[in-house]
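# Structural description and commentary
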Amino acid sequence: MKYYLIAGEASGDLHASRLMRALKEKDADAEFRFFGGDLMAKEGGTMVRHYRYLAYMGFIPVLLHLRTILKNMKQCKADIEKWNPDACILVDYPGFNLSIAKHLKAKTRIPVFYYISPKIWAWKEYRIKNIKRDVDAMFSILPFEVDFFEKKHNYPINYVGNPTADEVREFRSNYSENMTEFVHRRGLKNEKPIIALLSGSRRQEIKDNLSAMLQATKDLTDYQMVIAGAPSVEREYYNEFISGYDVSIVDNATYELLSHSTAALVTSGTATLETALFRVPQVVCYETPLPRIIGFLRRKLLKVRFISLVNLIADNEVVPELVADTFSVENIRRHLLDILPNQKGREEQLCGYDEVKRRLGNNKAPDNAASIIIRLLRKE
C-alpha cells in the first residue's frame with residue numbers, strides 16, 4: 001500500500017521514521033512519499049519537502065514566512081491528490097496538518113490517520129470539531145489523553161504506547177560507550193561532568209533560550225557545558241550565541257549526550273521526556289516574548305497546570321518549569337544548583353521519573369500503530 005506521511009519537526013521525523021519501519025515489516029508492498037526529514041529518508045520512499053522549510057513557530061516568525069508556509073501547504077495538498085495514497089498519516093504539527101486533513105476530507109476519499117495527537121487539551125480545544133470531522137483514526141502516545149478525548153469529547157482514540165520511551169529503551173540497550181570513548185570521539189575538551197544544554201530543535205527556540213542557559217552556567221567550572229546540536233540547524237547559527245563561552249557542541253547525538261550527562265537545561269518539548277527517561281535531572285526553560293503578559297495569560301487561559309511532558313504525565317511537578325515571567329538567568333541557575341549531585345532536588349526528581357516511566361508502560365508504539373492502520377485499511 002501507499003502511505004503519505006507529514007512531519008514538521010525533528011521529533012516528528014524520528015517518530016515517523018520508526019512508524020515507517022514498522023509499516024514495512026507488516027506490509028511488504030509499502031511505498032512512502034512524505035514531507036519530513038533525514039531519518040524518514042533513510043527508511044526509503046520519496047521526500048517531497050524537508051521539514052526545515054516548515055518549522056516556523058511563534059506569531060512573528062509565522063507571519064514573516066506566511067507566503068512560504070502557504071506555498072508549502074498548497075504543494076502538499078496537490079502532491080497528495082496526484083499520488084493518491086491508500087492513507088495519509090499526519091504526525092503532530094497541527095497547524096499545518098489539520099489544514100491538510102480538512103482538505104483531504106473535503107476533496108478526496110483518502111483515509112486520514114493522525115499519529116501523535118495534537119495537544120488540544122492544553123490549548124485550542126475547539127480543534128476537536130475539526131478532528132472529529134476530518135480524522136478517521138487518532139493514535140495517542142500520552143496515557144492521559146484517552147480520558148480527554150473519549151470521556152470529555154466522546155471521540156474514540158487508540159493509545160499505542162509512547163514512541164520516545166521505545167526509542168530510549170532501544171538506544172540504552174545497545175549503547176555501551178564509556179565517558180572516555182565518548183569524549184574522544186566527539187572531540188570534547190576533557191572528562192569533567194557534563195551539563196547538557198538542550199535549547200530546542202528550531203532556530204527560534206535556540207535564539208530565545210540558549211543565551212540564558214549559557215549565562216546561567218558560565219561560572220560552574222567543575223562541569224563542562226555541551227550543547228545538543230539540532231539536526232536541522234547548522235553549526236554557524238550556534239556560533240552567534242556561543243562566542244565568549246567555554247562550551248562544546250555535539251551534533252545529532254542527543255541520546256549519546258544524555259547518556260553521559262549529570263544534569264540538563266531543557267527547552268520544553270519531547271526533549272524533557274527524553275531527558276527524564278535517561279534519568280538526567282533537569283530544569284525546563286522556555287522564554288517567551290512579553291513574559292509578564294504571557295505568564296498572566298498562561299495562568300488564565302491554559303487548560304493544564306504544566307507545560308512539560310514529564311509533569312503532565314506524572315500529574316505532578318517533578319521538574320521545575322521556568323516559563324514566561326518565571327524564566328530568568330537567576331532562576332535557571334538556582335534550580336540547576338539544586339539538582340547537582342548530593343542535592344535534595346536531584347533525588348526528588350529521580351523518584352518522580354520512576355512514576356513517569358510506570359505510567360508510560362512498555363507498549364511498542366510504532367508497531368501497535370502500524371498494526372491498527374493496516375487492519376483499518378484492509379477492513380479486517
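Everything that follows concerns the structure shown earlier in this document.
Values in this document were obtained by computation on a predicted structure and should not be read as measured data.

## Digging into the overall build of the protein
When helices and strands are counted, the protein shows 18 helices and 13 strands. With respect to the principal axes defined by its C-alpha atoms, the protein has extents near 60 × 45 × 40 Å. The buried share among the 380 residues of the protein stands at 55%. Across the protein, every contact between residues at least 6 apart in sequence was considered, and the portion connecting residues at least 24 apart equals 66%. Surface summary for the protein: the accessible area is close to 17800 Å², and the carbon and sulfur share equals 49%. Each charge sign in the protein was given a centre, from 55 positive and 48 negative side chains, and these centres are 6 Å apart.

## Digging into the nonpolar core
Formed by 100 residues in total, the largest nonpolar core has its most connected members in Y3, L5 and I6. Counting residues per element, this core draws most heavily on helix α18 (residues 365-378), which supplies seven residues. Judged by nonpolar contacts, the second largest core, of 30 residues, contains L322, F327, L336 and I339.

## Structural notes on the packing of aromatic side chains
Aromatic rings in a pair are described by how distant their centres are and how their planes are angled relative to each other. For the structure on display, the rule yields 13 aromatic pairs. Here F148 and F149 contribute two aromatic rings whose centre-to-centre distance is 5.1 Å and whose plane-to-plane angle is 90°, an arrangement assigned as edge-to-face. The two residues F148 and F149 agree in class, both being buried. A network of ring pairs unites the aromatic residues F171, Y175, Y255 and F278 as a single cluster. For K2, the ring lying beneath its charged end belongs to W83, and the centroid distance is 4.8 Å.

## Structural notes on the sheet that holds strand β10 (residues 247-251)
Spatially, six strands are ordered β10-β9-β8-β11-β12-β13 in an open sheet, and the strand pairing comes out parallel. The open sheet has two edge strands with one neighbour each: β10 and β13 (321-323). Strand-to-strand, the axes of this sheet are offset by a mean angle of 25°, without reference to chain direction. Alignment of strand β8 (residues 194-198) against strand β9 (residues 224-229), held across four bridges, turns out to be parallel.

## Some words on the sheet that holds strand β5 (residues 112-115)
As summarised here, the arrangement of the seven strands in space is β3-β2-β1-β4-β5-β6-β7, forming an open sheet in which the pairing is parallel. The sheet is open, and its two edges are formed by β3 (46-50) and β7 (158-159), each paired on a single side.

## Notes on the packing of helix α1 (residues 10-26) against helix α8 (residues 163-174)
Between α1 and α8, whose axes approach to 10 Å, the crossing angle comes to 80°. Viewed along their axes, α1 and α8 adopt a mutual orientation that is roughly perpendicular. Across the interface between the two elements, L14, H15, R18 and R21 of α1 pack against P163, T164, E167 and E170 of α8. The residue makeup of the contact of α1 with α8, split by class, is two nonpolar, two polar and four charged.

## Some words on unusual backbone geometry
One non-glycine residue, R279, adopts positive backbone phi at about 60°. We classify R279 as partly exposed; its relative accessible area is 35%.

## Let's talk about the pattern of salt bridges
Using the criterion set out here, one finds 23 salt bridges in the structure. The residue R202 makes a salt bridge to E9 at a minimum N-O spacing of 2.3 Å. Taken together, the residues R202 in the loop between β8 and α10 (203-217) and E9 in the loop between β1 (2-7) and α1 connect sequence positions 193 residues apart. Put simply, D92 and K119 hold a salt bridge, and the shortest N to O gap is 3.5 Å. Separated by 27 residues along the polypeptide, D92 in the loop between β4 (87-91) and α5 (94-107) and K119 in the loop between β5 and α6 (128-134) bring together distant segments of the chain. Put simply, E177, R185, R186 and E256 are held in one network by salt bridges that share partners.

## Side note on the pairing of strand β11 (residues 261-266)
Most of β11 sits out of view: six of its six residues are buried. Pairing geometry for β8 and β11, over five bridges, is parallel. When the sheet's bridge partners are listed, L197 is paired in β11 with L265. Sheet topology places β11 next to strand β12 (residues 282-286); three bridges connect them, and they run parallel. Paired with V266 across the two strands is V284, which belongs to β12. Assessed by its sense of winding, the connection that carries the chain from β11 through helix α13 (residues 270-277) to β12 is right-handed.

## Structural notes on α8
With 12 residues, α8 ought to run about 16 Å at 1.5 Å a step, and its terminal C-alpha atoms sit 17 Å apart, in line with that. Within the span of α8, buried status applies to P163, T164, A165, D166, E167, V168 and F171. Its buried side turned inward, α8 meets α1, β5, α12 (254-259), α13, α17 (344-360) and α18.

## Overview of the side chain of N162
Relative to the helices and strands, N162 is located in the loop between β7 and α8. Using a relative accessible area of 2% as the deciding quantity, one classes N162 as buried. Among the polar contacts listed, one links the side chain of N162 to the backbone oxygen of I141, at a separation of 2.8 Å. In this structure the side chain of N162 is engaged in a polar contact, spanning 3.1 Å, whose partner is the backbone nitrogen of A165.

Thresholds, definitions, all that
Residues numbered from 1 in each chain as written. Predicted model: local features only at pLDDT ≥ 70, side-chain atom pairs only at ≥ 80, totals over all residues. Heavy atoms only, no water. Helix = DSSP H or I, 4+ residues; strand = E, 2+ residues; numbered from the N terminus. Buried < 20%, exposed > 50% of the residue type's maximum accessible area, 1.4 Å probe, protein only. Contact = heavy atoms within 4.5 Å. Areas by Shrake-Rupley, 256 points an atom, 1.4 Å probe, with all protein chains shown as cover. Lys, Arg positive; Asp, Glu negative; His and termini not counted. Charge placed at Lys NZ, Arg CZ, Asp CG, Glu CD. Core = buried A, V, L, I, M, F, W, Y, C linked by side-chain atoms within 4.5 Å. Phe/Tyr/Trp six-rings, centres within 6.5 Å; stacked < 30°, edge-to-face > 60°. Lys NZ or Arg CZ within 6 Å of the ring centre and 35° of its normal. Pairing = 2+ DSSP bridges. Axes fitted to C-alpha atoms, helices over the stretch in contact; angles between N-to-C directions. Parallel < 35°, antiparallel > 145°, perpendicular 65-115°, else oblique. Nonpolar A, V, L, I, M, F, W, Y, C, P; charged D, E, K, R; others polar. Salt bridge = Lys/Arg side-chain N within 4 Å of Asp/Glu carboxyl O. Right-handed = clockwise from strand over helix to strand, strands pointing away. Expected span 1.5 Å × (residues − 1). Polar contact = N/O pair within 3.5 Å; in protein donor to acceptor, adjacent residues only side chain to side chain.

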